[in-house]
Amino acid sequence: MSNCAIAIHGGAGTILRTSMTPEKEKAYLVGLKESLTAGYEILKGGGTSMDAVIASVVAMENNPLFNAGVGAVFTHDGGHEQDACICDGATKNVGAVAAVKRVKSPITLARLVLEKSPHVLLAGDGAEKFAVANGMELVADQSYFDTDFRRKQLEFALAKEKKDATAHTQLDHSDDNENSKMGTVGAVAVDEYGNVAAATSTGGMTNKRHGRIGDTPMIGAGTYADNKTCAVSATGVGEYIMRGMVSYDISALMEYKGLSLSEAADVVVMEKFFELGGSGGVIAIDRQGNIAMPFNCKGMYRGSMLADGTIELGIFDDRG
Ligand code: ASP
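Attention in this report is confined to the structure presented alongside it. As the structure is a computational prediction, the values presented were derived from the model and not from experiment.

Thresholds applied
Residues numbered from 1 in each chain as written. Predicted model: local features only at pLDDT ≥ 70, side-chain atom pairs only at ≥ 80, totals over all residues. Heavy atoms only, no water. Near = heavy atom within 4 Å. Polar contact = N/O pair within 3.5 Å; in protein donor to acceptor, adjacent residues only side chain to side chain. Areas by Shrake-Rupley, 256 points an atom, 1.4 Å probe, with all protein chains shown as cover. Buried < 20%, exposed > 50% of the residue type's maximum accessible area, 1.4 Å probe, protein only. Helix = DSSP H or I, 4+ residues; strand = E, 2+ residues; numbered from the N terminus. Pairing = 2+ DSSP bridges. Axes fitted to C-alpha atoms, helices over the stretch in contact; angles between N-to-C directions. Contact = heavy atoms within 4.5 Å. Phe/Tyr/Trp six-rings, centres within 6.5 Å; stacked < 30°, edge-to-face > 60°. Parallel < 35°, antiparallel > 145°, perpendicular 65-115°, else oblique. Left-handed = near helix turned anticlockwise from the far one by under 90°. Nonpolar A, V, L, I, M, F, W, Y, C, P; charged D, E, K, R; others polar. Salt bridge = Lys/Arg side-chain N within 4 Å of Asp/Glu carboxyl O. Expected span 1.5 Å × (residues − 1).

## A closer look at the site of the ligand
Step number 1: The local shell around the ligand holds nine residues, among which Thr-184, Arg-212, Asp-215, Thr-235 and Gly-236 are the closest.
Step number 2: The contact in question runs from an oxygen atom of the ligand to an N or O atom on the side chain of Thr-235, over 2.7 Å.
Step number 3: In the environment of the ligand, an oxygen atom lies 3.0 Å from a nitrogen or oxygen atom belonging to the backbone of Gly-238.
Step number 4: When the free accessible area of the ligand is taken as 270 Å², the share hidden by the protein chains comes to 100%.

Below is the structure:
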């Protein structure tokens, strides 16, 4: 499994060592490790990067600590609308879903769209009809995704909005949200066949309005993969990631300017995206198994695992 490798993120934003309890930190590290291991085991067994990124993302969708699946943030109306996307770098096939309300695993549905539909992106009711038609179980009630922690974030956002109408949408990871804890999840991997893949899944942002769709299911914005260059999954303020076409921009710099993975990821995240006003980060991988995980905010839940089993986990900004 020579160059096999996998990297994951569990969201980026205002993640400070000072506001993290040892118990919480441990729980996040355990969650990240479980997700990494789920993907790595598949790669180790000769599986594909597509299967590996799905396994890693599903593990985080099922973990209430992360803003995807159970534990997804609340919309303005007190519900949940989730987005997800998977990209196959070998074929450039893509499957994505947006604003789904009752799908247990949005990333699994995104893959179903890739494999079983002639389309690339399905949204809302149509995506759910497609899910049922293809034998996927929907949750009976949206409360399946509820957590107290996320409800408090919505209450905080609504109270803030009352005082300041311009603060209408409270990003899960905005710098002034006391309860800010990031959560969009993503994985990128390269398998022993040299194929890269990327997958991202998210509840979006707290207090978002009905129908708001973020960067995650937008191909080239929040998620992208191309064997010629790299696979990327982004996290952060979706409106800026979309405007900056962050994931595709990294790939384009590699393809057209010959930049290395880490050079391209740094230019886009630390310069271009930052200058646009965006806050967040990416995980990116190339066919050689190089990994880059830059972020321009206080922290990003992240981890990587190489072919020899070496694991690296991180939460805070350790760059000094
Ligand atoms: N990028 C996601 C969105 O805007 C949120 C996040 O990464 O936490 O929907």
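## So, the pairing of strand β1 (residues 5-13)
Step number 1: β1 sits mainly inside the fold: nine of its nine residues count as buried.
Step number 2: Here β1 runs beside strand β5 (residues 185-190); their pairing, made up of five bridges, is antiparallel. When the bridges of β5 are listed, Ile-8 appears paired with Ala-187.
Step number 3: Looking at chain direction, β1 and strand β11 (residues 299-306) are connected through seven bridges and run antiparallel. Across the sheet, the residue bridging to Ile-8 is Gly-303, located in β11.

## A closer look at the sheet that holds strand β12 (residues 311-316)
Step number 1: The strand order β4-β3-β2-β6-β5-β1-β11-β12 describes an open sheet built from eight strands, whose pairing is mixed. In the strand order of this sheet, the two ends are held by β4 (121-123) and β12, each with one partner. Across the sheet, the mean angle separating the axes of adjacent strands is 10° when strand polarity is ignored.
Step number 2: Across the sheet, helix α1 (residues 22-44) is in contact with β1, β5, β11 and β12; its angle to β12 comes to roughly 145°.

## Some details on the packing of aromatic side chains
Step number 1: Across all of its chains, the model carries five aromatic pairs by this definition.
Step number 2: Between Tyr-28 and Phe-66, the ring centres sit 5.7 Å apart and the planes meet at 75°, which makes this aromatic pair edge-to-face. Note that Tyr-28 is positioned in helix α1 and Phe-66 in the loop between α2 (49-61) and β2 (82-88), a separation of 38 residues in sequence. Assigned by exposure class, Tyr-28 and Phe-66 land together as buried.
Step number 3: Among the aromatic residues, those joined into a ring-pair cluster are Tyr-28, Phe-66 and Tyr-301.

## Some details on the packing of helix α7 (residues 246-257) against helix α8 (residues 261-276)
Step number 1: Where α7 meets α8, the closest approach of the two axes is 9 Å, and the angle between their N-to-C directions is 135°. Regarding the angle of α7 to α8, the classification is oblique. The interaxial crossing formed by α7 with α8 has right-handed handedness. The segment α7 lies against α8, with Val-246, Asp-249, Ile-250, Leu-253 and Met-254 engaging Leu-261, Ala-264, Ala-265, Val-267, Val-268, Lys-272 and Phe-273.
Step number 2: Residue composition of the contact of α7 with α8, by class: ten nonpolar, no polar and two charged.

## As for the packing of helix α3 (residues 106-116) against helix α4 (residues 124-133)
Packed helices, taken two at a time, are described by the angle their axes make and the gap between the axes.
Step number 1: Contact geometry for α3 and α4: axes closest at 10 Å, N-to-C directions at 75°. Considering their axes alone, α3 and α4 lie roughly perpendicular with respect to each other. In this structure, α3 uses Leu-109, Leu-112, Val-113 and Lys-116 to contact α4, whose residues at the interface are Ala-127, Phe-130 and Ala-131.
Step number 2: Split into classes, the residues belonging to the contact of α3 with α4 amount to six nonpolar, no polar and one charged.

## Digging into the pattern of salt bridges
Step number 1: Taken as a whole and judged by the stated rule, the model has ten salt bridges.
Step number 2: Between Arg-151 and Asp-146 there is a salt bridge whose closest N-O contact spans 3.0 Å.
Step number 3: For the salt bridge of Arg-302 with Asp-318, the shortest nitrogen-to-oxygen distance reads 3.6 Å. Pair noted here: Arg-302 is in strand β11 and Asp-318 is in the segment after β12, with a separation of 16 residues, a long-range link.
Step number 4: Accessibility expressed as a relative area gives 11% for Arg-302, which makes it buried.
Step number 5: Look at the salt bridges and you will find they share partners, linking Arg-17, Arg-302 and Asp-318 into a network.

## Let's talk about the pairing of β12
Step number 1: Pairing of β11 with β12 involves five bridges; the strand directions are antiparallel. Paired with Arg-302 across the two strands is Gly-314, which belongs to β12.
Step number 2: Hairpin connection, β11 to β12: the antiparallel pair is bridged by four residues, and Gly-309 has positive phi, about 90°.

## Structural notes on α2
Step number 1: Under the 1.5 Å per step criterion, the end-to-end length of α2 is 18 Å for 13 residues, consistent within 8% with the ideal 18 Å.
Step number 2: For α2, a buried count of ten out of 13 residues is recorded, marking the element as mostly surrounded by other parts of the structure.
Step number 3: All of the buried residues in α2 are Ser-49, Met-50, Ala-52, Val-53, Ile-54, Ala-55, Ser-56, Val-57, Met-60 and Glu-61.
Step number 4: In this fold, the buried residues of α2 make contact with β1, α1, β2, α3, β5 and β6 (196-202).

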